[in-house]
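Structure assessment
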Amino acid sequence: MKNRSTFLLTVFLMFPGWLQASAQPAPPRLVVVIIADQFPYDYLNRFGGSFGEGGFRRLIREGANFVNASYEHAITLTAPGHAVILSGAYGNRNGIVTNTWYDTSSHATAYCVEDTTVSAVGGTGKGRSPANLIGSTFGDELRIASGFAAKVISLSHKDRAAVLLGGKLANGTFWMSDSAFVTSTYYTSRLPAWVREFNASGLVNSYFGRRWEQSLPESAFGSCDVDDAPYENGGNGLGRVFPHPITGEDRNSITPSYYHALIESPFGDEILSAFAKAAVRGERLGLRGVTDLLCISFSSNDYVGHAYGPHSREVAEITVKTDSVIADLLRFLDREVGTGRYIVALTSDHGIAPIPEYLMRMREGAEAGRVRPDSISVTCEQALTARFGPLPKGVGWLEQRIDKNLYLSRQALRRRRVSPEKAARVAADALLRLRGIAAVYTREQLEQGVGCTLLDRKARHSYHPLRSGDLMYVLKPYYIEGSGHMGSTHGDPYDYCAHVPLIIMGGPVKPGTYAAQATPADLAPTLSVITGVEFPAGREGRVLSEALR
């Protein structure tokens, strides 16, 4: 026995890495990142009683569930959220501070994934690319580490979701345009055969005339509003009550409004899931001896939430349908890739605010409301005119207002010989007196790092010097921006917009519930450690080491 122990000790001293290496788990064949667009964490609690065992419950049961994961940026929109998830960085570093910003050099608005040097492939629409994204993503680093053998495929209904998840080096990024999934010449000059086959199948158009029926019992709607609320938006022929016809405005023929109605229903999730399965088979993802990445962003949840609000029966229905779609997708991965041979991460890009009229109906005098966009502009114009004098006809103090950013007119400032900083302070003081405004930050404050509160830090994360405005404003809780009286939106720093699911299942992940503070920015560096690749350039998130074996 002594000789055997001496022999083993000698082996361990001669080969110190042998024991550690032998215990390393095999790298996953496939990493799947699922995004449920506009999905606050609250939905897991409110609608969990109607979930099956194979979807969200399986992810929570077999995965690491981070119950305290919130975005740490102020402008919680689709593009900033998707850009954070696999870059591990916020807009102050990755450049995607809003969906759209104003280019002061060209005096034109700039969409986050627009690229005039490329064109659409496979359908109509404009060319899209990740040219505006600064830094790299987990998928980019995975491709580099594998000598470009790894495949990165990203899919969504929305172009900005697919493009920003896919990163700069993706093999294929596809989004929905009417009846087809398309891409751009940034990625390829011709759609892959499996995409052409999917588009030719006619699946998208086959839903014309279907009806979105209520499937849940009345007992499932305990936390929901009435079905026919006057502040719900039943556009595109859907109406406000179940059943919702999937035809668009024309009941007899397919028009563009049909495709809007289709995506604004659970059928949109079904179609994207079918497309994801086609991608796994068409690209042989997870079956090629190298770790691949598949990104899937379900946008239908977002469209339903905007139209009907988070306390609607429609949101309850699509949330439960999303659960069944994910369960079906996991079963598919079990069969195609192999149980235990893939990793799944689930999160969202943002949540949503309650409809203000719903809160005011439920509690008379509730502090909630809508801030008209024109009131923002008028308040600034009046304050600057009163302080510095009127401008010539046709010249305004504001050149653009977009996504909670205000851009001062340099022409107006030159005419009145006013510095941008001085004008911004005057406008900020005026806005703070406006009903529904919680905070206003000037460019100077954001660049100098003024303030140390969580809101201050979130505002700085949503600021980029080349893309943000001269002022950024934040609404009070339960106020939303809009001139109508129906539906809801998001884009604020509060937890109903920022607190989202973050669940990772598979590989070395230790199942359990984790209450430590986390953020979706932590997902990319955690996946980097699991797969053994470099962290994304510019990442700010941490490794969720407490959930790793």
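Data block above holds the structure.
Thresholds applied
Residues numbered from 1 in each chain as written. Predicted model: local features only at pLDDT ≥ 70, side-chain atom pairs only at ≥ 80, totals over all residues. Heavy atoms only, no water. 1 Å grid on protein atoms, 1.4 Å probe; cavity = no way out; pocket = protein on both sides within 12 Å on 5 of 7 lines; lining within 4 Å. Points joined across faces, edges and corners; volume = space filled by probe spheres on them. Helix = DSSP H or I, 4+ residues; strand = E, 2+ residues; numbered from the N terminus. Nonpolar A, V, L, I, M, F, W, Y, C, P; charged D, E, K, R; others polar. Salt bridge = Lys/Arg side-chain N within 4 Å of Asp/Glu carboxyl O. Buried < 20%, exposed > 50% of the residue type's maximum accessible area, 1.4 Å probe, protein only. Phe/Tyr/Trp six-rings, centres within 6.5 Å; stacked < 30°, edge-to-face > 60°.

As a further point, take the layout of surface pockets. Gaps left between atoms are located by rolling a probe of water-molecule size over the structure's atoms. Reported here for the largest pocket is a volume of approximately 350 Å³. As for the largest pocket, its lining consists of 16 residues, and the residues nearest its centre are His-157, Met-176, His-260, Ile-263 and Tyr-303. Those elements giving two or more residues to the lining of the largest pocket turn out to be helix H8 (159-166), strand S8 (172-177) and helix H10 (256-263). For the lining of the largest pocket, the element with the most residues is H10, which contributes four residues. Among the residues forming the lining of the largest pocket, the class breakdown is seven nonpolar, four polar and five charged.

Let us look at the pattern of salt bridges. Enumeration according to the criterion identifies 30 salt bridges in this entry. Put simply, Arg-61 and Glu-62 hold a salt bridge, and the shortest N to O gap is 3.9 Å. Across the salt bridge formed by Arg-281 and Glu-336, the nearest N and O atoms sit 3.4 Å from each other. In this pair, Arg-281 sits in helix H11 (residues 266-283) while Glu-336 sits in helix H13 (residues 313-338), placing the two residues 55 residues apart along the sequence. Under the relative-accessibility criterion, Glu-336 is labelled partly exposed at 26%.

This paragraph deals with the packing of aromatic side chains. Counting across every chain of the model gives 20 aromatic pairs. Seen in terms of ring centroids, Phe-66 and Tyr-514 are 5.2 Å apart; in terms of plane orientation they differ by 25°. Their pairing is stacked. Of this pair, Phe-66 sits in strand S2 (residues 63-66) while Tyr-514 sits in strand S21 (residues 512-514); the two residues are 448 residues apart in sequence, bridging distant segments of the chain. For Phe-66, a relative accessible area of 0% gives the class buried. Residue classification places Tyr-514 among the buried residues on the basis of a relative accessible area of 14%. Between the aromatic rings of Phe-174 and Trp-194, the centroid separation amounts to 5.6 Å while the plane-to-plane angle is 75°, which identifies the pairing as edge-to-face. Pair noted here: Phe-174 is in strand S8 and Trp-194 is in helix H9 (residues 193-200), with a separation of 20 residues, a long-range link. Each of the two residues, Phe-174 as well as Trp-194, counts as buried.

Any functional reading would require information that these geometric values do not contain.
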